[in-house]
Amino acid sequence: DDGQGATGEAIIHADDHPGDWMTYGRTYSEQRYSPLDQINRSNVGNLKLAWYLDLDTNRGQEGTPLVVNGIMYATTNWSMMKAVDGATGKLLWSYDPRVPGNIADKGCCDTVNRGAAYWNGKVYFGTFDGRLIALDAKTGKLVWSVNTIPPEAELGKQRSYTVDGAPRIAKGRVIIGNGGSEFGARGFVSAFDAETGKLDWRFFTVPNPKNEPDHAASDSVLMNKAYQTWSPTGAWTRQGGGGTVWDSIVYDPVSDLVYLGVGNGSPWNYKYRSEGKGDNLFLGSIVALKPETGEYVWHFQETPMDQWDFTSVQQIMTVDLPINGETRHVIVHAPKNGFFYIIDAKTGEFISGKNYVYVNWASGLDPKTGRPIYNPDALYTLTGKDWYGIPGDLGGHNFAAMAYSPKTGLVYIPAQQVPFLYTNQVGGFTPHPDSWNLGLDMNKVGIPDSPEAKQAFVKDLKGWIVAWDPKTQAEAWRVDHKGPWNGGILATGGDLLFQGLANGEFHAYDATNGSDLFHFAADSGIIAPPVSYLGSDKKQYVAVEVGWGGIYPFFLGGLARTSGWTVNHSRIIAFSLDGKSGPLPKQNDQGFLPVKPPAQFDSKRTDNGYFQFQTYCAACHGDNAEGAGVLPDLRWSGSIRHEDAFYNVVGRGALTAYGMDRFDSSMNPTEIEDIRQFLIKRANETYQREVDARKNAAGIPEQQP
Ligand SMILES: O=C(O)c1cc(C(=O)O)c2c(n1)C(=O)C(=O)c1cc(C(=O)O)[nH]c1-2
Ligand SMILES: [Ca+2]
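Residues numbered from 1 in each chain as written. Chains lettered and ligands numbered in written order. Predicted model: local features only at pLDDT ≥ 70, side-chain atom pairs only at ≥ 80, totals over all residues. Heavy atoms only, no water.

Undergrad: Go over the overall build of the protein chain, please, and point to the residues and values.
TA: Counting its regular elements, the protein chain contains 11 helices and 39 strands. A globule of 705 residues ought to have a C-alpha radius of gyration of about 27 Å, and the protein chain, at 24 Å, matches this closely. Considered along the principal axes of its C-alpha atoms, the protein chain spans approximately 70 × 60 × 50 Å. Burial statistics for the protein chain: of 705 residues in total, 67% are counted as buried. Considering only contacts in the protein chain between residues 6 or more positions apart, those separated by 24 or more positions represent 64%. Total accessible area computed for the protein chain in this model is approximately 23400 Å², and 51% of it derives from carbon and sulfur atoms. (Helix = DSSP H or I, 4+ residues; strand = E, 2+ residues; numbered from the N terminus. Rg over C-alpha atoms; globule rule 2.2 N^0.38 Å. Buried < 20%, exposed > 50% of the residue type's maximum accessible area, 1.4 Å probe, protein only. Contact = heavy atoms within 4.5 Å. Areas by Shrake-Rupley, 256 points an atom, 1.4 Å probe, with all protein chains shown as cover.)

Structure below.
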């Protein structure tokens, strides 16, 4: 017995049953390549909607559905799970873990969920409030549930942990991480026994602040290797240092290692976090562990001294590549920092790296070590000057998964350009509970606040597919989209790429040259990656979760409309060659309609209202109080019409059940009323332009800021 069990063998030999999609990236190599080829370049033009299933959460949908024996297991926003007949779309069962609404503001980026794991007749998924749940795949009945966050981890309210990534299973162990580095967090992953839910091992990604043992698998490497790369004082010792593993965890059966994609520093500001000293291991790194024990094997740090939210959590893919005349088993990785890395999968040796998007923070990588050659101006926490960084905090590539086709030899990256204006917080680091704690000036939060600079910023927003040739480390071709924040990519044996876009269209492209071969109006922005499988009728389906959300529309708000204005109608949609479902039903695509605001506001209070709004509200309701069509646009909210009504919502939690936490422990009534005054001002400034925008075809204001 190799410890794999029958399910592990089935995942390793995924190509023997290509009709299934048994793990997050379909195979342990996470190439998101389906060998199915009933649907191919010559017939994809006839693709039709086979079925759709409306979801009961209208927020961002980021899930990769699993498919086992024709049954789809899809996770949705608010950590819910649905089992669906993959051929008909019939709902077989659903499970709601009842995540409390006041948890929404404990995570940075929408109450999303990226997917489930399957093992031995059970499905596993994480919940936004930190649980890992195992259900019976047939009945949807609870088998076990554990809290993955030890109660002491939050240090009072100093740190915050949420779970939205998909668990992965290696050798009978379910491995799960968490997010929270924008608030305060000390990253870790935990491995639980798949049958019993018993904790097996835990690995912290940044040192213990006192350099003491945690009695975890990470103790020796953190004390002997990582601690020396941090200053012994600095805000990290309270804030946790970050390094959350919120997306990619990959088991590679060839090297028999588990890889963690490790996140950004907490707080972001490196000067405040670590007094501007040290590389801060293992931030911005891939770390390789032994699956049985969690023991450290190697690491490769992509972004030393992180101060840009340059996570390395982006999807880790393994492939066999010809390099200098020999075939090597390598990791290919396109993290936020904009470089495409090729790393030896067994040893972590850096093989090569090249930027896959325009970058201005580094001129390249040292060819021997892979260390970035920094532009000194990019080290804004050391210079004390503002830095307009590309990529910005959302990265050249975020959670939207890339795909690899072994037929074309190309990696397809959902690339983007979203600049970020990094501005230091003045007067030292001041953390607030229930808010992002970056050590940056929250009045700016990455977006310039003058109308002219904003207009220039909007011009810099871009999204496209890069078809990247890893053999030559060069772009082969690209497909341009309207704007950033498009969905993940699926490659298939029919030489096709499938991708949903931020503007609500679902497309099929020719994998050899990017020709657009098919599109369908899905009516809401798509950020999730598609999957392909065989239904119980042995026909090939392509399915994707639809639902605009995630951090880009939440935080950029009105500016995110440049990707193509859509509102959120969340669904799963599935296509086949003989689908009979017709187009989706007609619906309201205007979103929250402008309502004429009260005429009066107190202009002495609006500056502080702006500051409070940017600190506590903007990350969900949009920069400068302009919404993007997912969560309520507060300019048109009925509650801004009366001080008490507004206080009941913001201070006392009248809408907690809907995900709006109460803020009376972070703000006093005067500060909350300042926000209301600011909202009335913004509503007056923008009312006419928003009314006019609803009349033009795109629904986007002609004058953005
Ligand atoms: O540092 C973290 O702990 C953390 C967590 C998450 C998350 O849990 O979703 C995101 C990020 N960072 C992040 O930097 C980011 O760009 C991001 C985008 C999204 C999303 O789902 O839209 N989540 C996250
Ligand atoms: Ca982050």
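And the narrative resumes.
Undergrad: Could you give an account of the packing of helix 10 (residues 643–650) against helix 11 (residues 669–693), with specific residues and numbers?
TA: Two quantities define a packed helix pair, namely the angle between the axes and the distance from one axis to the other. Running from N to C, helix 10 and helix 11 point in directions that differ by 115°, and their axes come no closer than 10 Å. With respect to helix 11, the axis of helix 10 lies roughly perpendicular. Where helix 10 crosses over helix 11, the handedness of that crossing is right-handed. Seen from helix 10, the contacting residues are Glu 643, Phe 646, Tyr 647 and Val 650; seen from helix 11, they are Pro 669, Ile 672, Glu 673, Ile 675, Arg 676 and Leu 679. (Axes fitted to C-alpha atoms, helices over the stretch in contact; angles between N-to-C directions. Parallel < 35°, antiparallel > 145°, perpendicular 65-115°, else oblique. Left-handed = near helix turned anticlockwise from the far one by under 90°.)

Undergrad: Quick rundown of the confidence of the model for the protein chain? Include the residues and the values.
TA: Averaged over every residue, the pLDDT of the protein chain is 95; the share at 70 or more is 99%. Here the complex is predicted with pTM 0.97, and the ipTM for its interfaces comes to 0.99. (pLDDT = per-residue confidence, 0-100.)

Undergrad: Explain the packing of helix 8 (residues 606–616) against helix 11 to me, using residue names and the numbers behind them.
TA: Packing of helix 8 against helix 11 brings their axes to within 7 Å, and their N-to-C directions diverge by 100°. It follows that helix 8 is roughly perpendicular to helix 11 by the angle criterion. Contact residues: Thr 606, Asn 608, Gly 609, Tyr 610, Gln 612 and Phe 613 in helix 8; Glu 671, Asp 674, Ile 675, Gln 677, Phe 678, Leu 679 and Lys 681 in helix 11. By residue class, the composition of the contact of helix 8 with helix 11 is 5 nonpolar, 5 polar and 3 charged. (Nonpolar A, V, L, I, M, F, W, Y, C, P; charged D, E, K, R; others polar.)

Undergrad: For the state of the cysteines, give the residues involved together with the corresponding values.
TA: In total, this model carries 1 disulfide according to the counting rule given. In this model, Cys 108 is linked to Cys 109 through a disulfide, with the two sulfur atoms separated by 2.1 Å. Its torsion about the S-S bond being -100°, the disulfide of Cys 108 and Cys 109 is classed as left-handed. The pair formed by Cys 108 and Cys 109 is uniform in burial state, with each residue classed as buried. Cys 620 provides the cysteine sulfur closest to Cys 617, a residue in no disulfide bond, and the two sulfurs are 9.0 Å apart. Unpaired in this structure, Cys 620 has its nearest cysteine sulfur neighbour in Cys 109, at a distance of 8.9 Å. (Disulfide = S-S within 2.5 Å.)

Undergrad: Kindly report on the coordination of the calcium ion (ligand 2), identifying the contributing residues and their values.
TA: Around the calcium ion (ligand 2), the protein contributes the donor atoms Glu 182 (OE), Glu 182 (OE), Asn 264 (OD1) and Asp 309 (OD), which lie 2.3 to 2.6 Å from the metal centre. Mapped onto the sequence, the donors of the calcium ion (ligand 2) take the spacing E-x81-N-x44-D. Within this pair, whereas Asn 264 is found in the loop between strand 17 (257–261) and strand 18 (265–266), its partner Asp 309 is found in the loop between strand 20 (296–301) and strand 21 (316–323), the two being separated by 45 residues in sequence. Among the residues examined, Asn 264 registers a relative accessible area of 1% and is labelled buried. A relative accessible area of 4% places Asp 309 in the buried class. (Donors = N, O, S within 2.8 Å, 3.2 Å for Na, K, Ca; no water.)

Undergrad: Give me the lowdown on empty space enclosed by the protein, citing residues and values where you can.
TA: In the structure shown here, the tally under the stated rule is 9 cavities of 30 Å³ or more. If you add up the space inside the largest cavity, you get close to 280 Å³. Classifying every residue of the lining of the largest cavity by side-chain character gives 10 nonpolar, 10 polar and 8 charged. Space inside the second largest cavity adds up to approximately 100 Å³. Asp 393, Leu 394, Val 418, Pro 419, Phe 420, Val 445, Gly 446, Ile 447, Phe 457, Ile 551, Phe 555 and Leu 556 are the residues that line the second largest cavity. It is helix 7 (residues 551–556) that provides the largest number of residues to the lining of the second largest cavity, a total of 3 residues. A breakdown of the residues in the lining of the second largest cavity according to their chemical character gives 10 nonpolar, 1 polar and 1 charged. (1 Å grid on protein atoms, 1.4 Å probe; cavity = no way out; pocket = protein on both sides within 12 Å on 5 of 7 lines; lining within 4 Å. Points joined across faces, edges and corners; volume = space filled by probe spheres on them.)

Undergrad: If you had to explain the site of ligand 1 to someone new, which residues and values would you point to?
TA: Taken together, the neighbourhood of ligand 1 is formed by 21 residues, with Glu 62, Asp 164, Gly 180, Thr 244 and Lys 336 sitting nearest. A distance of 2.7 Å separates an oxygen atom of ligand 1 from a polar atom in the backbone of Gly 180. In the environment of ligand 1, an oxygen atom lies 3.0 Å from a nitrogen or oxygen atom belonging to the backbone of Ile 551. For ligand 1, whose unbound accessible area comes to 470 Å², protein coverage reaches 99%. (Near = heavy atom within 4 Å. Polar contact = N/O pair within 3.5 Å; in protein donor to acceptor, adjacent residues only side chain to side chain.)

Undergrad: Pulling in residues and values, what's your account of the sheet that holds strand 2 (residues 48–54)?
TA: Spatially, 2-39-38-37 is the arrangement adopted by the 4 strands of the open sheet, whose pairing is antiparallel. Two strands in the sheet have a free side with no partner beyond their single neighbour: strand 2 and strand 37 (531–534). The sheet shows a mean angle of 25° between the axes of neighbouring strands, direction not considered. Relative to strand 39 (residues 571–576), strand 38 (residues 540–546) runs antiparallel, the two being bridged by 5 bridges. Of the residues in strand 39, the one forming a bridge with Ala 543 is Ala 574. (Pairing = 2+ DSSP bridges.)

Undergrad: I'd like a rundown of the nonpolar core, residues and numbers included.
TA: One finds Tyr 259, Trp 308, Trp 361 and Leu 556 to be the most contacted residues of the largest nonpolar core, which totals 102 residues. If sequence neighbours within four positions are ignored, Trp 308 has contacts with Thr 303, Trp 361, Tyr 374, Ala 378, Leu 379, Tyr 380, Trp 387, Gly 392, Asp 393 and Tyr 422. Counting 92 residues, the second-largest nonpolar core is a separate cluster that includes Val 68, Ala 87, Ile 175 and Ile 176. (Core = buried A, V, L, I, M, F, W, Y, C linked by side-chain atoms within 4.5 Å.)

Undergrad: I'd love a proper account of helix 10, names of residues and values included.
TA: Within the span of helix 10, buried status applies to Phe 646, Tyr 647, Val 649 and Val 650. Mapping the buried residues of helix 10 onto a view down its axis gives an arc of 165°, with all of them on the same face. Structurally, helix 10 contributes buried residues whose contacts are with helix 11. (Arc of directions from axis to C-beta.)

Undergrad: Go over the sheet that holds strand 14 (residues 199–204) with me, naming the residues and quoting the values.
TA: Reading across from one edge, 11-12-13-14 is the order of the 4 strands in this open sheet, with antiparallel pairing throughout. Both edges of this open sheet fall to strand 11 (168–170) and strand 14, since each of them pairs with a single strand only. Within the sheet, the average angular offset between the axes of one strand and its neighbour, ignoring direction, is 25°. Of the strand pairs in this sheet, strand 11 and strand 12 (residues 173–176) are connected by 3 bridges, and their pairing is antiparallel. Pairing of Arg 168 across the sheet is with Ile 175, part of strand 12.

Undergrad: Talk me through helix 11; I want residue IDs and the actual numbers.
TA: For helix 11, built from 25 residues, the straight-helix expectation of 36 Å at 1.5 Å per residue is met to within 8% by its first-to-last C-alpha distance of 34 Å. Of all the bends in helix 11, the greatest measures close to 50° and is centred on Thr 686. For helix 11, the side-chain oxygen to backbone nitrogen distance between the N-cap and Thr 670 is 3.1 Å, and the N-cap itself is Asn 668. (Expected span 1.5 Å × (residues − 1). Bend = angle between axes of the 7 residues up to and from the residue.)

Undergrad: If you had to explain the pairing of strand 19 (residues 285–289) to someone new, which residues and values would you point to?
TA: Most of strand 19 is tucked away: 5 of the 5 residues are buried. On strand 19, burial covers both faces: Ser 285, Val 287 and Leu 289 on one face and Ile 286 and Ala 288 on the other are all buried. Relative to strand 19, strand 17 runs antiparallel, the two being bridged by 4 bridges. Across the sheet, residue Tyr 259 finds its bridge partner in strand 19, namely Ala 288. With 5 bridges connecting them, strand 19 and strand 20 associate as antiparallel partners. Bridge pairing links Ile 286 to Phe 300 in strand 20.

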